[in-house]
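# Topology and contacts: notes
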Amino acid sequence: MSVGIRQSAARNGTWSPLRLPSLMVWLDGSDTATVTMSGSNVATWADKSGTGRDVTAVAGGPTRTVTQNGLLALSFAGGAGMSRPAAGLHATGGCVAVVMRTAGSGLPTYLSAPATITTNNLPAPADQWQTTTDNAMYAGLPEMINSAWHNLRGQTTWGAVVTNRSISGGTASATQWLDGTQLRSASVASTNWTSGTLTIGRRNDGVTWFVGDLAEVVITDAPLGSTDRLALEAYLKAKWGTP
């Protein structure tokens, strides 16, 4: 299927993330059949990828009352998250895509990286890429300590964030796009890549929490080529009304 045909299918509703190669996680906030509530909080968010990587509530779980483009999404108030221990993701790289917005200028800790790199690391969100001596690389962006929390710190309008990352020959690389526009791409020397807990709405350190809304999460176990990335971005834009 050509790039144009895939993008057209995504826009007219005939394409879904199930067409992506190496799909490992697909969490859809609009699909009521996949969301189990406990009172006013989400207890379980079922994975639609077919791999069974459901996530369950941590510290109460998010709520599900906010809407975007007429569809329900999940809200994180800063003291609740969801997780999947031993997720077994990103052995040599992959892609993380989310539709999200923050509630202010706080750290956009919407998704703890499903794999971390090198020793002495700290779990970090899927949009962070630290290059200090004891924090080598996470999923998306280069920074020195916390001096460059980039566009997503104030991403208070809905947007689709897509991050490709990989490790090969002792080099870890990542590229990130926001609503189809590349934010940046960089690489760092690294040889150790460890799969860990997939945590949504906070870092795995249990200290840094996300305050904002999440509509959809898509994770593949291989970086997406341009054809598949463009189709995914077109699908998310058409569904959630992102720019």
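Please read all numbers here as calculations on a predicted model, not as lab measurements.

Below, the discussion takes up the overall build of the protein. For the protein, the count of helices and strands is two helices and 19 strands. Taking all 243 residues of the protein together, the buried fraction comes to 51%. Long-range contacts, defined as pairs at least 24 residues apart, comprise 64% of the intrachain contacts of the protein with a sequence gap of at least 6. As displayed, the protein has an accessible area near 9,100 Å², and 51% of this comes from carbon and sulfur atoms.

Before going further, it helps to examine the nonpolar core. Grouped together as the largest cluster of nonpolar side chains are 23 residues, with contacts concentrated most on Trp45 and Met82. For this core, the secondary structure elements donating two or more residues are strand E1 (23-28), strand E3 (41-45), strand E7 (74-77), strand E9 (93-102), strand E18 (198-200) and strand E19 (211-220). Each residue touching tryptophan 45, except ones within four places of it in the same chain, is listed here: Leu27, Asp28, Gly29, Thr34, Val35, Asp54, Val55, Leu74, Met82, Ala215 and Val217. The next biggest cluster of nonpolar side chains, apart from the first, holds 21 residues, and it includes Cys95, Val218, Leu224 and Ala231.

Summarising the element assignment, lysine 239 is placed in helix H2 (residues 226-240). The class for lysine 239 is buried, based on a relative accessible area of 17%.

Moving on, we get to H2. A rise of 1.5 Å per residue sets the reference length of H2, with its 15 residues, at 21 Å; its end C-alpha atoms lie 21 Å apart and thus fit the reference within 8%. When we look at burial in H2, the residues that qualify are Asp228, Arg229, Ala231, Leu232, Glu233, Ala234, Tyr235, Leu236, Lys239 and Trp240. Phi turns positive, to about 70°, at glycine 241, one or two residues after H2.

What follows is about the pattern of salt bridges. Evaluated as defined, the whole model comprises six salt bridges. As a salt-bridge pair, lysine 48 and aspartate 28 come within 3.1 Å of each other at their nearest N and O atoms. With lysine 48 in the loop between E3 and strand E4 (55-58) and aspartate 28 in strand E1, the pair connects residues that are 20 residues apart, well separated along the chain. Here lysine 48 falls in the partly exposed class, since its relative accessible area comes to 24%. Looking at aspartate 28, the relative accessible area reads 3%, which means it is buried.

Relative to the helices and strands, glycine 61 resides in the loop between E4 and strand E5 (67-68). Counting along the chain gives 15 residues from glycine 61 to phenylalanine 76, while the straight-line C-alpha distance between them is 7.8 Å. Those residues in contact with glycine 61 that lie beyond four places of it in its chain are Asn41, Val42, Ala80 and Gly81.

Let us now look at the confidence of the model for the protein. A low pLDDT score tells you not to read the predicted coordinates there in detail. Considering every residue of the protein, the mean pLDDT works out to 76; 68% of them sit at 70 or more. Taken element by element, the predicted model of the protein shows its lowest mean pLDDT in strand E13 (residues 142-143) (35) and its highest in strand E6 (residues 71-72) (98). Predicted confidence for residues 113-151 stays below pLDDT 50, and this span has 140 contacts to residues more than four positions away or in other chains.

Before going further, it helps to examine the pairing of E4. Sheet topology note: the E3/E4 ladder contains two bridges and is antiparallel. Within the sheet, the bridge partner assigned to threonine 44 lies in E4 and is threonine 56. Looking at chain direction, E4 and strand E8 (residues 81-84) are connected through three bridges and run antiparallel. Note on E8: the bridge partner recorded for alanine 57 is methionine 82.

Phi is positive for asparagine 69, which is not a glycine, with a value near 55°. Here asparagine 69 is to be found in the loop between E5 and E6. You can call asparagine 69 partly exposed: its relative accessible area is 46%. Phi is positive for aspartate 179, which is not a glycine, with a value near 50°. Topologically, aspartate 179 is positioned in the loop between strand E15 (171-178) and strand E16 (181-189).

Rules used in this analysis
Residues numbered from 1 in each chain as written. Predicted model: local features only at pLDDT ≥ 70, side-chain atom pairs only at ≥ 80, totals over all residues. Heavy atoms only, no water. Helix = DSSP H or I, 4+ residues; strand = E, 2+ residues; numbered from the N terminus. Buried < 20%, exposed > 50% of the residue type's maximum accessible area, 1.4 Å probe, protein only. Contact = heavy atoms within 4.5 Å. Areas by Shrake-Rupley, 256 points an atom, 1.4 Å probe, with all protein chains shown as cover. Core = buried A, V, L, I, M, F, W, Y, C linked by side-chain atoms within 4.5 Å. Expected span 1.5 Å × (residues − 1). Salt bridge = Lys/Arg side-chain N within 4 Å of Asp/Glu carboxyl O. pLDDT = per-residue confidence, 0-100. Pairing = 2+ DSSP bridges.

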